Amino acid sequence: MMMMMMMMIVFLLTISLIEVQVVLSYEIGRNNNTICPERHSCADSNDSRAEIRRYCKCDSLCEAYDDCCDDYVRSGSRSNSSNNNAFNLSRNVVGCIKRLFHRDDSSHYTVDRCPRGWPRGRVKTGCRSGRSNSENTIARVPVVGRRSSILYRNVYCAICNGEQDVVFSEGYVESNHTKGDFNSMEFLRPRDYSLRTCIDAIRTCDSSYRNREVWKRCTGSSQSNSYVISGRGPDLDALKPVRWDMTFYRNADCATCNFVSEPKPMCNYYETRRLRPLSSPTYTILVDFSSNTIKTTNRNSRRDTSTRTFRCSGGRVYDPGRNRCLVVFST
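Just so it is clear, the structure is predicted and the values come from calculations on it, not from any experiment.

Reading guide: rules and limits
Residues numbered from 1 in each chain as written. Predicted model: local features only at pLDDT ≥ 70, side-chain atom pairs only at ≥ 80, totals over all residues. Heavy atoms only, no water. Helix = DSSP H or I, 4+ residues; strand = E, 2+ residues; numbered from the N terminus. Buried < 20%, exposed > 50% of the residue type's maximum accessible area, 1.4 Å probe, protein only. Contact = heavy atoms within 4.5 Å. Areas by Shrake-Rupley, 256 points an atom, 1.4 Å probe, with all protein chains shown as cover. Pairing = 2+ DSSP bridges. Disulfide = S-S within 2.5 Å.

### Description of the overall build of the protein
Scanning the protein for helices and strands turns up eight helices and 16 strands. By the burial criterion, 44% of the 331 residues in the protein qualify as buried. For the protein, contacts bridging at least 24 residues in sequence account for 59% of all contacts bridging at least 6. Accessible area for the protein stands at about 19000 Å²; split by element, carbon and sulfur atoms hold 49% of it.

Below you can see the structure in the form of C-alpha cells.
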C-alpha cells in the first residue's frame, strides 16, 4: 500500500512538470479514389462548421490568395473588392509561413517580400531580414494592417507593399531574471484580427517535367486546390521528437509533375496531444512595440510588476535587442 502511494506521488509530481503540446496531424485517404469532398468543396459554404473542416477557401479573397476550392464560382474580376488591399497584392510577395506566433503551429499567409522594382535600401533590407535571425529585432516582429487585416512578416514588408498603419505583435520573453534574452523573443498573435491560414504545399512542377497541360493544371491561378500528400505521417510516440516524412502538394497534378506516383488525398485534420517538459521561469516580459513599453511580471508575485517606457520620436520604434530606437517610418 505504501509503495502504491509513493508511486502515485511520483506520478503527480511528474504531471505537474509537463504541459500539453498540440501536434497537428493528418489522416490521408486510403486510395487515390478518395476525394474527400467535404474537405475540398464549397458545398455548404454558409455553414461555419463546414468552413472549419475545409482546406481550400470559398470567400472572395481566395481569388487574391489563390486558395479557392475547385468548385468555387469565380467572379472573373477583382474590381468588386478593390477596397481590400489583398486584391492589390502580387502572389509573388506572399508566402505560407509556419509558427510565427507563440505556441501556435499554424501556417499563415504572410507578405514577406517587397514587390519587384522596389529600390534597394533600408526598407527592402529590413523586409528581407525578417526571413533570418536578424540582429534587427524590429525585422522579426510580425505586423497586421489595421484596416486590411493583412499579415506582414514585419513592418518593412508592410511599408514596401503600401501599408504603414499597422498593429505590431507583442513580444513575449520568459526569463529567470528581469532583463531577459530578446534574441529568443517570441510573438503573440494580434487580438481582434482574423488571420488567413494556409497549407504550405508545393505549387509548381519539377523543371524537367515536359507535359505542359499537367503543368498548367498544377500552377494555374484558377486551378484546383484539392491537396494531396505523399510520404508518412508523424511519429506520435510521446517519448520521441515529432518526425515528419510527408510532402504536401496543391493538387494531384502537382504531385504528378514532381514524379510522385501514388499521392493520397488529405482527408481528415485532427489534433493529437503529446506531453513535453514545462519550463517555469520566474519572469514574463511583454514588449509593446506600438507604445515602446516593456512590462516585466514576476510569476510568483503578480504585484511585482514594472513597466518601462522608451521615448522614440520621428518615426522610430524601440529595439529591445539593441536597446535603442530605430528609424522605421518616414516622417
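What follows continues from the structure just given.
### Description of the pairing of strand β13 (residues 293–298)
Counting buried residues in β13 gives five out of six residues, a clear majority hidden from the surface. Judged from the six bridges that link them, strand β12 (residues 283–288) and β13 form a sheet pairing that is antiparallel. Residue Ile285 lies in a different strand from β13, and its bridge partner there is Thr296. Where β12 folds back on β13, the antiparallel hairpin that results is connected by four residues, among which Asn292 adopts a positive phi of roughly 55 degrees.

### A few points about the state of the cysteines
Inspection of every chain in the model, using the stated rule, returns nine disulfides. Here Cys42 pairs with Cys58 through a disulfide, and the sulfurs are 2.1 Å apart. Judged by the torsion about the S-S bond (-100 degrees), the Cys42/Cys58 disulfide is left-handed. A residue pair is termed long-range when its members are at least 10 positions apart, and Cys42 in the loop between α2 (37–40) and α3 (48–53) and Cys58 in the loop between α3 and α4 (62–65) qualify at 16 residues. Residue class for Cys42 comes out buried when judged on its relative accessible area of 14%. Take Cys58: its relative accessible area is 19%, and that puts it in the buried class.

### Considering unusual backbone geometry
Of note, the phi angle at Ser149 is positive, near 65 degrees, even though the residue is not glycine. Position of Ser149 relative to the elements: it lies in the loop between β4 (143–145) and β5 (151–152). We classify Ser149 as partly exposed; its relative accessible area is 29%. Phi is positive for Asn292, which is not a glycine, with a value near 55 degrees. Given the relative accessible area of 9%, Asn292 is considered buried.

### Thoughts on the pairing of strand β3 (residues 107–111)
Counting buried residues along β3, five of its five residues qualify, which places the element largely inside the surrounding structure. Burial along β3 is two-sided: the residues Ser107, Tyr109 and Val111 and His108 and Thr110 are all buried. As judged from the five bridges shared by strand β2 (residues 94–98) and β3, these two strands associate in the antiparallel manner. When the bridges of β3 are listed, Val94 appears paired with Val111.

No statement about biological role is implied by the geometric values presented.
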